[in-house]
Amino acid sequence: MYKILLKEDLVPNIHLLKIEAPAIAAKAQPGQFVVLRVDEPGERVPMTIADWDEEEGSITIVFVEVGTTTRKLESLMAGDLITNLVGPLGLPTHIEKLGTIVCVGGCYGIASIMPIARAMNEAGNKVISVIEARSKNLLFWEDKLRSVSDQLIITTGDGSYAAKGWIPERIKELVGGGNKVDLMIAVGCTYMMMLCAETTKPFGIKTIVHLNPIMVDGTGMCGCCRVSVGGATKFACVDGPEFDGHLVDWDLLIARQGAYLSKELYSLQMWECQNWNKH
Ligand SMILES: Cc1cc2nc3c(=O)[nH]c(=O)nc-3n(C[C@H](O)[C@H](O)[C@H](O)COP(=O)(O)OP(=O)(O)OC[C@H]3O[C@@H](n4cnc5c(N)ncnc54)[C@H](O)[C@@H]3O)c2cc1C
Ligand code: FES
């Protein structure tokens, strides 16, 4: 069992949990994830390690409420226990000095990109971070990202804070404006990552994306996280989650992500009916 040390509501639908997990904290590297099960009957879900503290023996995850498991996670408080936690999983981000790195984060990806931006910064790169949210009240970790970036570009869909619009527009301005970019790394929702890859392709900028297909075991055994990259079949949990965004078969990924949508909706409705009076 894994104890929750801290629960923080970052914005209305995105939450942070700091979990006691010394063995994972001792080995975590940027870009890696854990697979957790909230309770005995629960499903296994992958979550990126958004931060870790080896001395305290803790890891931090940041998650958006989308279905049953993330609703269950949201209901937990400091002192509560999580049944299973496995990690760190996946290949870590390759950190090296390349020049200028654009680190992109949307939704939970704002947190996931932070350790990558930090490590790239420590490696001597110029880090330009670009983050987005629908509205100002859905932005978080602005200061944290600013502290590990040479430049932070913020964009909101409704224009309530900083620039108005979405990440691909900001990328277009950045690279179209003649800035030399050596690598872009994007984490967040699939659609945003796909658009980022489409935007950088004509400019020939290598673009790494963090794929988030449905996962079960997280160790390459079940085949659930199968993706197609450059015509080759890959398992995101062991070959990724980072892949070359210009080679990803996005249509296949999006189709496979939606394969259980009706069951996920049914599961959420059942859970809400059973727990309507508890929250
Ligand atoms: C490597 C990796 C890292 C991730 N990191 C984060 C993170 O840091 N924060 C965060 O909020 N989300 C992250 N996700 C996505 C997260 O795992 C799903 O949002 C979560 O599993 C949804 O579970 P649910 O029961 O709440 O929703 P469900 O009702 O099960 O599903 C809602 C949506 O989530 C997707 N999903 C469902 N089950 C899984 C699964 N087992 N694996 C992946 N996607 C699934 C479905 O495509 C669906 O669109 C990550 C996914 C991967 C693969
Ligand atoms: S999650 Fe089972 S093979 Fe990747």
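Everything numeric here is computed off the predicted structure, so don't read it as measured data.

## Considering the packing of aromatic side chains
Item 1. In this structure the tally under the stated criterion is one aromatic pair.
Item 2. Both rings, one in Phe140 and one in Trp141, keep their centres 6.3 Å apart while their planes meet at 70°; by these two values the pair is edge-to-face. Comparing Phe140 with Trp141 shows no difference in burial state: the two are buried.
Item 3. When the ring centre of Trp52 is taken as origin, the NZ or CZ atom of Arg118, which lies over that ring, is 5.7 Å away.
Item 4. The ring of Tyr161 carries Lys136 above its face, with NZ or CZ at 5.1 Å from the centroid.

## Here we look at the pattern of salt bridges
Side chains that differ in charge, positive against negative, can pair when their charged atoms come close.
Item 1. One pass over the full model with this rule turns up twelve salt bridges.
Item 2. When the shortest N-O distance is used, the salt bridge between Asp39 and Lys72 registers 3.2 Å. Taken together, the positions of Asp39 in the loop between β3 (33-37) and β4 (44-48) and Lys72 in helix α2 (residues 68-74) put the pair 33 residues apart, joining distant regions of the chain.
Item 3. For Arg170, the salt bridge goes to Glu173, with nearest N and O atoms at 2.8 Å. Within this pair, Arg170 and its partner Glu173 are both found in helix α5 (residues 167-176), separated by three residues, close to a single helical turn.

## Focus on the layout of surface pockets
Item 1. Its volume calculated, the second largest pocket comes out at about 180 Å³.
Item 2. Considering the residues around the second largest pocket, the lining is formed by Thr93, His94, Glu96, Leu98, Met120, Asp182, Leu183, Ile185, Lys206, Ile208 and Glu242.
Item 3. Considering only residue class, the lining of the second largest pocket consists of five nonpolar, two polar and four charged.

## What to know about the sheet that holds β3
Item 1. The three strands are arranged β4-β3-β8 in an open sheet whose pairing can be described as antiparallel. Only two strands of the sheet have a single partner each, and these edge strands are β4 and β8 (84-89). Taking each pair of neighbouring strands and ignoring which way they run, the sheet shows an average axis angle of 25°.

## Observations concerning the nonpolar core
Item 1. In terms of nonpolar packing, the biggest core is built from 33 residues, with Val102, Val104, Val130, Ile171, Leu211 and Trp250 touching the most fellow members.
Item 2. Top contributing element to this core by residue count: helix α6 (residues 190-200), with five residues.
Item 3. With near-sequence residues (within four places) excluded, Val130 lies in contact with Val102, Cys103, Val104, Gly105, Ile153, Ile167, Arg170 and Ile171.
Item 4. Core analysis: the second largest hydrophobic core is formed by 32 residues, Ile14, Ile116, Ile131 and Leu138 among them.

## Section: the environment of Val86
Item 1. Note that Val86 resides in strand β8.
Item 2. What makes Val86 partly exposed here is its relative accessible area of 31%.
Item 3. Sequence spacing of Val86 and Phe235 is 149 residues, and the spatial spacing of their C-alpha atoms is 17 Å.
Item 4. Beyond its immediate sequence surroundings of up to four residues, Val86 is in contact with Ile24, Phe33, Val34 and Val35.

## Structural notes on the sheet that holds strand β11 (residues 151-156)
Item 1. Taken together, seven strands build an open sheet; the order of strands is β12-β11-β10-β9-β13-β14-β17 and the sheet is mixed. Two strands close off the open sheet at either side, each with one partner strand: β12 (163-164) and β17 (242-244).
Item 2. This element, helix α3 (residues 109-122), spans β9 (100-106), β10 (126-133), β13 (183-187), β14 (207-210) and β17 of the sheet and lies at about 165° to β9.

## Topic: the packing of α5 against α6
Item 1. Where α5 contacts α6, the two axes come as close as 9 Å, and the packing angle between them is 20°. The angle between α5 and α6 falls in the class roughly parallel. The chirality of how α5 crosses α6 is right-handed. Here α5 contributes Ile167, Pro168, Ile171 and Lys172 to the contact with α6, which in turn contributes Met192, Leu195, Cys196, Thr199 and Thr200.
Item 2. When the residues that make up the contact of α5 with α6 are grouped by side-chain class, the tally is six nonpolar, two polar and one charged.

## Some thoughts on unusual backbone geometry
Item 1. In this model, Gly87 is joined to Pro88 through a cis peptide bond whose omega is -5°.
Item 2. Within the secondary structure layout, Pro88 lies in strand β8.
Item 3. Omega for the peptide link from Gly240 to Pro241 comes to 15°, which places this bond in the cis form.
Item 4. Here Pro241 is to be found in the loop between α7 (236-239) and β17.
Item 5. Even without glycine at this site, Cys107 takes up a positive phi of about 60°.
Item 6. Tracing the chain through its elements places Cys107 in the loop between β9 and α3.
Item 7. A positive phi angle, near 55°, is found at Ala162, a position not held by glycine.
Item 8. Within the secondary structure, Ala162 sits in the loop between β11 and β12.

Reading the values: the criteria
All residue numbers here refer to positions counted from 1 along the written sequence of the relevant chain. To label them, take the chains in the order written and letter them from A, then take the ligands in the order written and number them from 1. A pLDDT threshold of at least 70 governs which residues receive local features in this predicted model, and a stricter bar of 80 or more applies before side-chain atom pairs are shown or counted, although totals over entire chains, interfaces and linings include all residues. The basis for the side-chain values is all heavy atoms of the structure; hydrogens and waters are excluded. Only the six-membered ring of Trp is used, alongside the rings of Phe and Tyr, when aromatic pairs are assigned; centres must lie within 6.5 Å, and planes under 30 degrees apart are stacked while those over 60 apart are edge-to-face, with the rest tilted. Residue burial is assigned from relative accessible area. The probe radius is 1.4 Å, only protein chains are included, and a residue is buried under 20% of its type maximum, exposed over 50%, and partly exposed in between. Ring-over charges, as used throughout, are those where CZ of Arg or NZ of Lys falls within 6 Å of the ring centre and within 35 degrees of the ring normal. Salt bridges are defined by distance alone: a side-chain nitrogen of Lys or Arg within 4 Å of a carboxyl oxygen of Asp or Glu. Segments assigned H or I by DSSP are reported as helices when at least four residues long, segments assigned E as strands when at least two residues long, and all are numbered from the N terminus. Cavities and pockets were defined on a 1 Å grid built over protein atoms only: a cavity is a set of grid points that admits a 1.4 Å probe from which the probe cannot escape, a pocket is an open set flanked by protein on both sides within 12 Å along at least five of seven lines, and lining residues are those with an atom within 4 Å of any such point. Grid points are joined across faces, edges and corners, and a volume is the space filled by probe spheres set on the points. Classification convention: Asp, Glu, Lys, Arg as charged; Ala, Val, Leu, Ile, Met, Phe, Trp, Tyr, Cys, Pro as nonpolar; all other residues, Gly among them, as polar. Strands qualify as paired when DSSP identifies two bridges or more between them. Lines fitted to the C-alpha atoms define the axes, with helices restricted to the stretch that makes contact. Angles between their N-to-C directions range from 0 to 180 degrees. We call a set of buried Ala, Val, Leu, Ile, Met, Phe, Trp, Tyr and Cys residues a nonpolar core when their side-chain atoms join them within 4.5 Å. Any pair of residues with heavy atoms lying within 4.5 Å of one another is described as a contacting pair. Throughout, the term roughly parallel applies to angles under 35 degrees, roughly antiparallel to angles over 145, roughly perpendicular to angles from 65 to 115, and oblique to all others. It is the rotation of the near helix from the far one that decides the hand of a crossing: anticlockwise by less than a right angle makes it left-handed, clockwise makes it right-handed.

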